Amino acid sequence: MPPRALADLVGALERAAGVPVKLERPSDPEHGDYATGVAMRLARERNQAPRAIAEELRSAAKALPEVEDAVVAGHGFVNITLRPAWFADALAEMLEEGDRYGAGSAAPPLRIQVEMVSANPTGPLTVASARNGAYGDSVARLLAFAGDRVEREYYYNDAGAQIELFRASVEAGRRGEPPPEGGYAGAYVEALAAEPGDPLARMLESIETTLERFRVHFDSWERQSEVEREIPEVLAQVETYRQDGAVWAPTSRYGDDKDRVVIRSDGSYTYFAADIAYVRNKLARGFDRAIYVLGADHHGYIGRLKAAAALLGEDPERIEVLIYQLVHLTKGGEATKMSKRRGDVVFLDELIDEIGVDAARWYLVNRGPDQAIEIDVDLAAEKSQKNPVYYVQYAHARVAGILRNAEGARADATPPAALAPEERELVKRLVEFPAIAAEAAARRSPQAIPNYAIRLADDFHRFYHDHKVLGGEAEGFRIALCEATRAVTARCLDLVGVEAPDRM
């Protein structure tokens, strides 16, 4: 839901127009606080000139108590300037809601599982897995903020050829021998070889430690071997047919691009058979929605996983697959591997060591998942306002400093007689947040949050540069404005897993 002040304004205009009204902020504040082009949409329906309809709407808007002025512009836009009382109402709501301002958009709230990362535990997590975790965890945070009950799961392979090859590589190291053909090498294998016990357990422990360092916490860890035990029972439930000595599932009937083999001609189960079992496992636990976060090379899984749900008699819409693109690193203007331990991969811990968790989290979600990401390591590590994450954190720290200095002074949403343009723009930017957060959750688009946070920081810095907060008749209102800015900035940073420092 939009803030009450904005919802009330839109509702009043809709009653006047008789149709839904969308308000937008003009690019030039001189053209008013908000504008609507609904008259042009109504022109054909009513067989009237857009400006004639706009004039009717202008008169209705002008009569509203929260509207100071309304003018017709262009071919039929209505530009609306609001009274200071409207800004006071909007700011009062922000103070009332506090850290929960913008929360609770899910209608109805759902129980959702987000399964992410799920890399084989045959080595440390790479930067590719880092994007998976940063994106998936930010989606989970947005859904939880919207009001959904969210659980995070890591699904890992603990048996099979790759796992045995990994164990054999470590055992070879313990004997002082090179790894078997196609095996695993690197300093991490040498380190595991120097320790007793099953290297798989140590690798999983290392992965969990890295993820916690990266601020990605999992509620459950599901083993592939456990899921595979359910395959015979699951396949007995679903429709199959025999062809060419193999057993197939008719997934093309349910939107997949082709049918899939579930039992090979040698009697072994395919990966897709385990996929069906895992889908059943998830949905049997009562999740309304099961979200998979997968890399671009898994695009074909969208159709097959939905088909697996349909084969089980479940609604395919309960399955959702989020796909993200690759990550590239540059340093000194050139592509870099950056790894000290293995020449063909960059580990997540190395990236964190180089640029920090905050920058890593920020840069891995500030582009849409459908876009490849290029991270300039030098810029990401820089502690200056050229670095966008530092710039937003600095805005938060500056607000926090103002509020520390204002200790004992009271926030008061009551506005002064006239609001400065920078105050009006900052309030309107804060009013945008609930819609930004709701849409980001609904569209699984966390990149909207850092992009919004930069605009909010811009508006705050302009306000701070031109206006003294403490002292004078506007002190209470400006302290209130700072409190709302602090809360929304902190929330934006938290939604993408970045800390909101009080001092920098």
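Before reading further, recall that the structure is shown in the block above.
This is a predicted model, so every value here is computed, not measured. (Residues numbered from 1 in each chain as written. Predicted model: local features only at pLDDT ≥ 70, side-chain atom pairs only at ≥ 80, totals over all residues. Heavy atoms only, no water.)

Draft legend 1. Highlighting the overall build of the protein. A count of helices and strands for the protein gives 19 helices and 14 strands. Projected onto its principal axes, the C-alpha coordinates of the protein cover approximately 80 × 55 × 40 Å. Split into buried and exposed, the 504 residues of the protein put 53% on the buried side. Pairs at least 24 residues apart make up 69% of the contacts formed inside the protein by residues separated by at least 6 positions. (Helix = DSSP H or I, 4+ residues; strand = E, 2+ residues; numbered from the N terminus. Buried < 20%, exposed > 50% of the residue type's maximum accessible area, 1.4 Å probe, protein only. Contact = heavy atoms within 4.5 Å.)

Draft legend 2. Region of interest: the sheet that holds strand β14 (residues 373-376). Taken in spatial order, the three strands of this open sheet run β13-β12-β14, and their pairing is mixed. Strands with a single pairing partner mark the edges of an open sheet, and in this sheet they are β13 (334-335) and β14. Relative to β14, strand β12 (residues 327-331) is paired through four bridges, and the arrangement is parallel. Bridge pairing in β14 links Leu329 to Ile375. (Pairing = 2+ DSSP bridges.)

Draft legend 3. Quick look at the packing of aromatic side chains. Counted by the stated rule, this structure contains 16 aromatic pairs. For the pair Phe145 and Phe433, a centre-to-centre distance of 6.1 Å together with 45° between the ring planes defines the contact as tilted. Placement of the pair is Phe145 in helix α5 (residues 127-146) and Phe433 in helix α17 (residues 421-443), with a sequence separation of 288 residues. Summarising the burial analysis for this pair, Phe145 and Phe433 share the class buried. Joined through ring pairs, the aromatic side chains of Tyr101, Phe145, Phe433 and Tyr452 make up one cluster. Stacked on the ring of Phe287, the Lys or Arg Arg111 has its end atom at 4.3 Å from the ring centre. The side chain of Lys282 reaches across the aromatic face of Tyr292, ending 4.5 Å from its centre. (Phe/Tyr/Trp six-rings, centres within 6.5 Å; stacked < 30°, edge-to-face > 60°. Lys NZ or Arg CZ within 6 Å of the ring centre and 35° of its normal.)

Draft legend 4. Examining the nonpolar core more closely. With 131 residues, the main nonpolar core has Trp86 and Phe214 as its most contacted residues. Setting aside residues up to four positions removed in sequence, Phe214 forms contacts with Ala130, Ala134, Leu348, Ile352, Val357, Ala360, Arg361 and Leu364. (Core = buried A, V, L, I, M, F, W, Y, C linked by side-chain atoms within 4.5 Å.)

Draft legend 5. The arrangement of the packing of α5 against helix α19 (residues 475-495) in detail. One can describe the packing of α5 onto α19 by two numbers: an axis separation of 9 Å at closest approach and a directional angle of 135°. What the angle tells us is that α5 and α19 run oblique. On α19, the residues touching Ser138, Arg141, Leu142 and Phe145 of α5 are Arg491, Asp494 and Leu495. Looking at the contact of α5 with α19 residue by residue, the classes come out as three nonpolar, one polar and three charged. (Axes fitted to C-alpha atoms, helices over the stretch in contact; angles between N-to-C directions. Parallel < 35°, antiparallel > 145°, perpendicular 65-115°, else oblique. Nonpolar A, V, L, I, M, F, W, Y, C, P; charged D, E, K, R; others polar.)

Draft legend 6. Region of interest: the environment of Arg215. Mapped onto the secondary structure, Arg215 falls in the loop between α8 (199-213) and β6 (220-223). A sequence separation of 194 residues divides Arg215 from Ala409, and the C-alpha atoms of the two residues are 35 Å apart.

Draft legend 7. Structural detail: the pattern of salt bridges. Per the stated rule, a full pass over the model turns up 50 salt bridges. The salt bridge partner of Asp33 is Arg424, with a shortest N-O separation of 2.7 Å. Taken together, the positions of Asp33 in the loop between α1 (4-17) and β1 (34-36) and Arg424 in helix α17 put the pair 391 residues apart, joining distant regions of the chain. Salt-bridge contacts for Glu382 lead to Lys386; the nearest nitrogen and oxygen are separated by 3.4 Å. The exposed category is assigned to Lys386, whose relative accessible area is 61%. Linked by salt bridges that have partners in common, Arg25, Asp33, Arg424, Glu425, Lys428, Arg429, Glu432, Asp459 and Arg462 make up one network. (Salt bridge = Lys/Arg side-chain N within 4 Å of Asp/Glu carboxyl O.)

Draft legend 8. Representation of the environment of Tyr292 in the model. Relative to the helices and strands, Tyr292 resides in strand β10 (residues 289-295). For the pair Tyr292 and Phe460, spaced 168 residues apart in the sequence, the C-alpha separation amounts to 37 Å. For Tyr292, the contacting residues outside a window of four places in its chain are Glu115, Tyr278, Val279, Lys282, Leu305, Ile319, Glu320, Val321 and Leu322.

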